[in-house]
Amino acid sequence: MTAPTKPLSPHLSIYRPQLTSVLSILHRTTGVLLAIGTLLVCYWLFAVLSGPETFATAQQLFSSWFGKLILIGWSWAAFYHLSNGIRHLCWDLGLGFELRSVYWSGYSVLVISLLLTLALWSIS
Amino acid sequence: MSAVHHWKTQRRTAVLLIPLTLWLLFSVATLSSAGYLEVSAWISQPLTTLLLGLFILIAGHHAYLGIQVVLEDYVHEPLRNRVILLSRMVLGAAALLSLFAIYTITTGGA
């Protein structure tokens, strides 16, 4: 007896992207990037630990245009993963499963993550 | 770790990380133009030391659980467990080094 064939995931190359699928993969992508980003926190703490000179080098690195770009992207990734994470927690509680709610919460998460990023950089 | 325990821990750490992450990002943003002394003084405040330590432990754990799920989806069998173990070691080492750094800064420098 042969094992029954298991169902396959949709083939991404012929699958039309939708808000729901794009936000879903973004949750993973930002999650992985944030995990890698924790190594940046580690670097920053060691820059403080090593004294004023190393700390000044780190500050210089972070305030260059490339450093800023990384930090802005990183903060958006954190805010996106956080707001979309709350969306996931609501689903875990059984809330917001109707198609209209899923789209409404999806757009809200995008807007909120952008607003939080703007707020963060306006006080920095 | 059982699947149910894994699932629950991922959610519990997520809930704890909501306030901790907002606190950390907005605190660091206000320190963006601060000098060395200001930053090390901030880290040495008892409340900061506590919350920063908690953030590192909980975020590290949450990151490990999430990375494990992603690796289980994309890495196939002969390598899977070794790659998961490697991710665990890297994240664990980063967390331990960060805690060591905070401890040393708080107790008066290297």
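The rules behind each value
- Residues numbered from 1 in each chain as written.
- Chains lettered and ligands numbered in written order.
- Predicted model: local features only at pLDDT ≥ 70, side-chain atom pairs only at ≥ 80, totals over all residues.
- Helix = DSSP H or I, 4+ residues; strand = E, 2+ residues; numbered from the N terminus.
- Rg over C-alpha atoms; globule rule 2.2 N^0.38 Å.
- Contact = placed C-beta atoms within 7 Å.
- Axes fitted to C-alpha atoms, helices over the stretch in contact; angles between N-to-C directions.
- Parallel < 35°, antiparallel > 145°, perpendicular 65-115°, else oblique.
- Nonpolar A, V, L, I, M, F, W, Y, C, P; charged D, E, K, R; others polar.
- Expected span 1.5 Å × (residues − 1).
- Buried ≥ 20, exposed ≤ 12 C-beta atoms within 10 Å, placed from the backbone.

Some details on the overall build of chain B
Now for step 1: Scanning chain B for helices and strands turns up four helices and zero strands.
Now for step 2: When the elements of chain B are put in sequence order from the N terminus, they spell out α-α-α-α.
Now for step 3: Taking 13 Å as the expected radius of gyration for a compact globule of 110 residues, we find that chain B reaches 17 Å, considerably beyond that expectation.
Now for step 4: Along the first, second and third principal axes, the C-alpha set of chain B runs to 50 × 30 × 25 Å.
Now for step 5: Taking the intrachain contacts of chain B between residues at least 6 apart in sequence as the baseline, contacts between residues at least 24 apart amount to 71%.

Details of the interface of chain A and chain B
Now for step 1: Taken together, the contact pairs 25 residues of chain A with 29 residues of chain B.
Now for step 2: At the level of elements, helix 1 (19-50), helix 2 (52-63), helix 3 (65-92) and helix 4 (99-123) of chain A are the ones that each hand at least two residues to the side of chain A that touches chain B.
Now for step 3: Here the side of chain A that touches chain B takes 13 residues from helix 1 of chain A, the largest share from any one element.

Focus on the packing of helix 2 (residues 36-44) of chain B against helix 3 (residues 46-74) of chain B
All names here are of chain B.
Now for step 1: At a minimum axis distance of 5 Å, the contact between helix 2 and helix 3 shows a crossing angle of 75 degrees. One way to sum up the angle between helix 2 and helix 3 is to call them roughly perpendicular. Touching Trp42, Ile43 and Ser44 of helix 2 are Thr48, Thr49 and Leu52, all from helix 3.
Now for step 2: Here the contact of helix 2 with helix 3 is composed, by residue class, of three nonpolar, three polar and no charged.

Brief notes about helix 4 of chain A
Now for step 1: Between its terminal C-alpha atoms helix 4 of chain A stretches 37 Å, which fits the 36 Å expected from 25 residues at 1.5 Å a residue.
Now for step 2: Of the positions making up helix 4 of chain A, those classed as buried are Ser105, Val109, Ser113, Leu116, Thr117 and Leu120 of chain A.
Now for step 3: Considering only its buried residues, helix 4 of chain A is in contact with helix 1 and helix 3 of chain A together with helix 1 (3-30) of chain B.

Let's talk about the environment of isoleucine 43 of chain B
Now for step 1: Structurally, isoleucine 43 of chain B is set in helix 2.
Now for step 2: Note on isoleucine 43 of chain B: 18 C-beta atoms within 10 Å, which makes it partly exposed.
Now for step 3: Contact partners of isoleucine 43 of chain B, with chain neighbours within four places excluded, come to Val48 of chain A together with Thr48, Thr49, Leu52, Ile102, Ile105 and Thr106 of chain B.

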